[in-house]
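Read off the chains here:
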Amino acid sequence: MNCNLVLIGFMGAGKSLIAKKLAALLKREVIATDECIINREGRPINEIFRVSGEPYFRKVEKEVVAEVSRRTGVVIDCGGGAVLDPENIARLKENGTLFHLSATPDEIFRRVKTQKHRPLLNTENPRKKIEEMLAQRADFYAQADFMIDTNGKSPKQICEEIIGLLELPNHQ
Ligand code: S3P
């Protein structure tokens, strides 16, 4: 079982928490694309968006995705917008199985409303923005190999669901 486990999905879907738990359970390394970007740039995501703009952030994100996609046997926690670029999806799929962690707009709003580190949700009406962005992104997230509905499930249940899918016979 040497393929990468790649977690994709909207902000607040629980990718980072689940990636860390999965990595611990499976004794694998975890790589977060956002963390790679922050380390590379030496500044937080909010500042990259504010000073250099979203296109610049996406350019760095694409370079990071290309690098981490070359790894094998790791858990990759992707920023929510990483899959908006079809080349990123293709690269992540080369060595990886993609899991889309989904949640309802209400659940996402509940999880992100007290957090301030996501520039795209620092708006007047984040609840509405979440709904709009989820609709715009649905086709991208649908390209995952597996869809994991996280609503009402504990992190442990979500990890067990993912590990169960990995044990299916068509996985190496
Ligand atoms: C983004 C998601 C964020 C981060 C950036 C943009 C997006 O990552 O990459 O703020 O476009 O959905 P998380 O999904 O880890 O919050």
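Residues numbered from 1 in each chain as written. Predicted model: local features only at pLDDT ≥ 70, side-chain atom pairs only at ≥ 80, totals over all residues. Heavy atoms only, no water.

Caption draft 1: Up close: the pattern of salt bridges. Counted under the stated rule, the structure contains 16 salt bridges. A salt bridge links glutamate 67 to arginine 40, with the nearest nitrogen and oxygen atoms 2.7 Å apart. Residue glutamate 67 is located in helix 4 (residues 54-69), and its partner arginine 40 is located in helix 2 (residues 33-41); the two are separated by 27 residues in the primary sequence. Residue class for glutamate 67 comes out partly exposed when judged on its relative accessible area of 43%. For arginine 40, a relative accessible area of 37% corresponds to the partly exposed category. The residue glutamate 107 makes a salt bridge to arginine 110 at a minimum N-O spacing of 2.7 Å. One end of the pair is glutamate 107 and the other is arginine 110, both in helix 6 (residues 105-112) and three residues apart, which spans about a single turn. Salt bridges sharing common partners tie together Arg40, Lys59, Glu63 and Glu67. (Salt bridge = Lys/Arg side-chain N within 4 Å of Asp/Glu carboxyl O. Helix = DSSP H or I, 4+ residues; strand = E, 2+ residues; numbered from the N terminus. Buried < 20%, exposed > 50% of the residue type's maximum accessible area, 1.4 Å probe, protein only.)

Caption draft 2: Structural view of the layout of surface pockets. Considered as a void within the structure, the largest pocket measures approximately 730 Å³ in volume. Residue lining of the largest pocket: 34 residues in total, with Ser16, Asp34, Asp77, His117 and Arg118 positioned closest to the centre. Contributing elements (two or more residues each) for the lining of the largest pocket: helix 1 (15-26), strand 2 (30-32), helix 2, helix 3 (45-52) and helix 4. Residue classes in the lining of the largest pocket are distributed as 15 nonpolar, nine polar and ten charged. (1 Å grid on protein atoms, 1.4 Å probe; cavity = no way out; pocket = protein on both sides within 12 Å on 5 of 7 lines; lining within 4 Å. Points joined across faces, edges and corners; volume = space filled by probe spheres on them. Nonpolar A, V, L, I, M, F, W, Y, C, P; charged D, E, K, R; others polar.)

Caption draft 3: Region of interest: helix 4. An ideal rise of 1.5 Å per residue puts 22 Å on 16 residues; helix 4 measures up with 22 Å between its terminal C-alpha atoms. Along helix 4, the positions that sit buried rather than exposed are Phe57, Arg58, Val60, Glu61, Val64, Val65, Ala66, Val68 and Ser69. (Expected span 1.5 Å × (residues − 1).)

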